[in-house]
Amino acid sequence: MNQFAGIGFRKDFANEFLEKKLLQPSFIEVAPENWMGIGGYWKKIFKQVAEQYPVTLHGLSLSIGSADELDWNFLRQLKSFIKEYNVQVYSEHLSFSKCNNAHLYDLLPIPFRKEAVKHIVQKTKQVQDFLEMPLVLEVVSYYTAIAPEMQEHEFINAIVDESDCRLLLDVNNVYVNGFNHKYDAYEFINKLRLDKVAYIHMAGHEQVSEDLIIDTHGQPIIDPVYDLFDYTIQQLPHTAPVLLERDFNIPEMEEMLFELNKLENICQKHWKHETVSA
Amino acid sequence: MKQSALDIAFDQEKKFADYCRTGNFVRLKGTTPNRLPHYRKLVFNVIDDTLQTAYPLTFGLLTKSEWKELVNDFFGTHNCQSYQVWKMPYELYEYVLNNDLPIKEKYPQLLNLLLFEWMEIEVFMMEDIEAASLKTSGELITDELILNPEHFLLATEYPVHYKKANEITEADKGIYYILIFREPQTGKVIFIELSVLFAWLTEQIKTTGRSVYQLSKEASEVFNIPRQQILENSQSFLNELYNQQFILGFK
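Nothing here was measured: the structure is a model prediction, and the numbers come from that model.

Q: Tell me about the overall build of chain B, and name the residues and values.
A: Across its full length, chain B carries ten helices and five strands. Overall, chain B is about 80 × 45 × 35 Å in size when its C-alpha atoms are taken along their principal axes. Burial statistics for chain B: of 251 residues in total, 29% are counted as buried. Taking contacts inside chain B between residues at least 6 apart in sequence as the whole, the part at least 24 apart equals 58%.

Q: Tell me about the overall build of chain A, and name the residues and values.
A: Helix and strand content of chain A: ten helices and twelve strands. Over its C-alpha trace chain A gives a radius of gyration of 18 Å, about what one expects of a compact globule, namely 19 Å for 278 residues. With the principal axes as the frame, chain A shows a C-alpha extent of 50 × 40 × 40 Å. Scored against the burial criterion, the 278 residues of chain A give a buried share of 46%. In chain A, of all internal contacts separated by at least 6 residues, the share reaching a separation of at least 24 is 78%.

Q: Give me the sheet that holds strand E2 (residues 151-156) of chain B: which residues, what numbers.
A: Residues and elements named next belong to chain B. With respect to topology, three strands assemble into an open sheet ordered E2-E3-E4, the strand pairing being antiparallel. Of all the strands in the sheet, just E2 and strand E4 (189-194) have a single pairing partner and so form its edges. Neighbour-to-neighbour, the strand axes of this sheet turn through a mean angle of 20°, independent of strand direction. Summarising the sheet, strand E3 (residues 176-182) and E4 pair through six bridges and their orientation is antiparallel. Residue pairing across strands places tyrosine 177 opposite leucine 194, the latter belonging to E4. Its contacts with the sheet place helix H7 (residues 110-125) against E2, E3 and E4, and it is angled at close to 175° to E2.

Q: I'd like to hear about the interface of chain B and chain A, residue by residue, with values.
A: Listed per partner, the contact involves 39 residues of chain B and 35 residues of chain A. Ranked by residues supplied to the side of chain B that touches chain A, first place goes to helix H1 (residues 5-22) of chain B with eleven residues. Here the residues of the side of chain B that touches chain A are counted per class, giving 22 nonpolar, ten polar and seven charged.

Q: Describe the packing of helix H7 (residues 171-180) of chain A against helix H9 (residues 223-235) of chain A, with residues and values.
A: For any two helices packed against each other, one specifies the inter-axial angle together with the distance between the axes. Residues and elements named next belong to chain A. With their axes 9 Å apart at the nearest point, H7 and H9 run at an angle of 120° to one another. Judged by the inter-axis angle, H7 sits oblique to H9. Here H7 and H9 pass one another in a crossing that is right-handed. Contact residues: Val171, Asn172, Val174 and Tyr175 in H7; Pro224, Val225, Leu228, Phe229 and Thr232 in H9.

Q: I'd like a rundown of the environment of alanine 50 of chain A, residues and numbers included.
A: Residue and element names in this part refer to chain A. Looking at where alanine 50 falls in the secondary structure, it is placed in helix H3 (residues 40-52). Measuring from C-alpha to C-alpha, the distance between alanine 50 and phenylalanine 9 comes to 10.0 Å, with 41 residues separating the pair along the chain. Once residues lying within four places of it in the same chain are set aside, the contact partners of alanine 50 are Val55 and Tyr85.

Q: Just give me the short version of helix H4 (residues 64-77) of chain B, but keep the residues and values in it.
A: Residue and element names in this part refer to chain B. Relative to the 20 Å expected for 14 residues at 1.5 Å per residue, H4 spans 20 Å between its end C-alpha atoms, a close match to the ideal helical length. Buried within H4 we find Leu70, Phe74 and Phe75. Axial view of H4: buried residues confined to an arc of 110°, hence all on one face. Projecting away from the buried face of H4 at angles above 90 degrees are the exposed residues Lys64, Ser65 and Thr77.

Q: Would you mind going over the sheet that holds strand E4 (residues 89-93) of chain A in detail, with residue names and values included?
A: Pairing between the strands of a sheet comes from backbone hydrogen bonds, and it takes one of two forms, parallel or antiparallel. All names here are of chain A. The strand order around the closed barrel built from eight strands is E1-E2-E3-E4-E7-E8-E9-E12, with neighbouring strands paired in parallel fashion. Neighbouring strand axes in the sheet, compared pairwise and without regard to direction, differ in orientation by 30° on average. Here three bridges tie E4 to strand E7 (residues 136-138), and the two strands are oriented parallel to one another. By the bridge assignment, histidine 93 is partnered in E7 with glutamate 138.

Q: Mind laying out the domain arrangement of chain B, listing which residues take part and the relevant values?
A: Segmentation of chain B into domains returns domain 1 (1-107) and domain 2 (129-251). Domain 1 of chain B and domain 2 of chain B are separated by 39 Å when their C-alpha centres are compared.

Q: Which residues make up the environment of leucine 42 of chain B, and what are the values?
A: All names here are of chain B. Looking at the element boundaries, leucine 42 is found in helix H2 (residues 36-54). Note on leucine 42: 17 C-beta atoms within 10 Å, which makes it partly exposed. When the C-alpha positions of leucine 42 and tyrosine 93 are compared, they lie 23 Å apart, and in sequence the two are 51 residues distant.

Q: Break down the pairing of strand E6 (residues 102-108) of chain A for me, with residues and values.
A: Regular strands show a simple pattern: their side chains alternate between the two faces of the sheet. Residues and elements named next belong to chain A. Counting buried positions over the seven residues of E6 gives five, a clear majority of the element. Note that strand E5 (residues 96-99) and E6 share three bridges and pair antiparallel. Looking at E6, one finds that phenylalanine 96 is bridged to leucine 108. Between E5 and E6, which pair antiparallel in sequence order, lie two residues; one of them, asparagine 100, sits at a positive phi of approximately 50°.

Q: Outline unusual backbone geometry, listing residues and values.
A: A positive phi angle, close to 60°, is found at lysine 182 of chain A, a residue other than glycine. The backbone phi angle of glutamine 245 of chain B is positive, close to 70°, even though this residue is not glycine. You can call glutamine 245 of chain B partly exposed: it has 16 C-beta atoms within 10 Å.

Q: Give a detailed account of the nonpolar core, specifying residues and quantitative values.
A: Most often, soluble globular proteins keep nonpolar side chains buried together rather than apart. In this structure, Val136, Leu167 and Met202 of chain A are the most contacted members of the largest nonpolar core, which totals 131 residues. Among the elements that take part in this core, H2 of chain B stands out by supplying seven residues, more than any other. A domain split of this core shows at least three residues from each of domain 1 (1-107) and domain 2 (129-251) of chain B. Other than its neighbours up to four places away in sequence, valine 136 of chain A contacts Val89, Tyr90, Ser91, Cys165, Arg166, Leu167, Leu168, Ala198 and Tyr199 of chain A.

Thresholds applied
- Residues numbered from 1 in each chain as written.
- Chains lettered and ligands numbered in written order.
- Predicted model: local features only at pLDDT ≥ 70, side-chain atom pairs only at ≥ 80, totals over all residues.
- Helix = DSSP H or I, 4+ residues; strand = E, 2+ residues; numbered from the N terminus.
- Buried ≥ 20, exposed ≤ 12 C-beta atoms within 10 Å, placed from the backbone.
- Contact = placed C-beta atoms within 7 Å.
- Rg over C-alpha atoms; globule rule 2.2 N^0.38 Å.
- Pairing = 2+ DSSP bridges.
- Axes fitted to C-alpha atoms, helices over the stretch in contact; angles between N-to-C directions.
- Nonpolar A, V, L, I, M, F, W, Y, C, P; charged D, E, K, R; others polar.
- Parallel < 35°, antiparallel > 145°, perpendicular 65-115°, else oblique.
- Left-handed = near helix turned anticlockwise from the far one by under 90°.
- Expected span 1.5 Å × (residues − 1).
- Arc of directions from axis to C-beta.
- Domains from an automatic or database assignment.
- Core = buried A, V, L, I, M, F, W, Y, C linked by C-beta atoms within 7 Å.

In structure tokens form, the structure reads like this:
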């Protein structure tokens, strides 16, 4: 069983998770929206899988960055789901996915502005108080900023400082953003509140033009992202669970296993005497 | 009136979201040229893919341009309420139900088809419902029956459950009853077409808790069929429902 590296639970590989022939992730991640309030076949399977692995949650619909009020029905259901499966990490995206009372089912960038920070801090505190656990917010990939008046890292750090939330550092997102917005990903990592990182994501992406990468989660992780990951975890003052994300173009199990083992080996290299903390 | 700084941030978000929903040109502050269309494409693809997956028969029935127009209008004008993307397709059914759309005239079977396709998802995914306590042995005709609670009884005007959607015509118009339930062990969704008599009996068993024998007298009067004939026909019908685990046992 891995010590640090986990993987997103996929229905395509449900039996593999149960039989543990190849995969030995240290945890599994799911989007709570896809598993809350369901029954039947997949509920049975999920219960069995959750008995074998710790579960982390990576939400899609909280929309922490929009003007809309929090959806308390959703949060109540989420809290009960967290309790039912003894979830230790609930992460979400530092983005918005709902606007003017309409869900968009995708992650849109928030304007990097001081007033947006205040609003997000207030909502984050409400979520944390209600769930009685820290919210872990992900540094998202984005293809254009919207009406920015501050730097991205200032925006993120201000939210982390003022809300006392935790950070989900998606190393691939930082690489993608560095490429798309022409900044140095290593410098960006150095500017973040690394002591607040509680969770790490790694994924592949697709370059669609000379100056644009789309964060598809549909390709293998490339070496420069592994290099950035290797660098990043050496800067962290503590360990954190690391997730391999793959949502499209799902490869053979052996390829997934190769990537998962590679991540685990990098963690072991730097953290071999540590235990995982989140 | 001067906008507050927070209003500016949210105004930009709203314009951005509206653009992603409609594709209508928008001017936003501080964006990188030519990047906004990627968001419209990504957002629309999620909606389109989810709806195509939920409604493969409807997708096959409509022309490409009709489908695109439907999805575009739905997403552009309807505020999707479900935070679970797998439930969003039901909102398309409601949207078609509640709006005057030319495709409803062209395809009178459309609403039935959408609901039929949605019910398969709903029954497959719905939360578990515990059945009432039961005995495993008893008499199907004379005992009170415990039904599988994870079911719907659907009435349609068109035979969307057995005929290809593009071959259905006005001549097929009638009343069709479809029992849709979830097999307890496998979670598989089963569809059974019921006659009007058996649809009535199923509904009565469920709501009154009376045995088929008790119900047969009233059924005979309602449908003008000899009681003995109803009892004889019911035996094989009930056997099938028992074998398929729609009837789970006896009170």
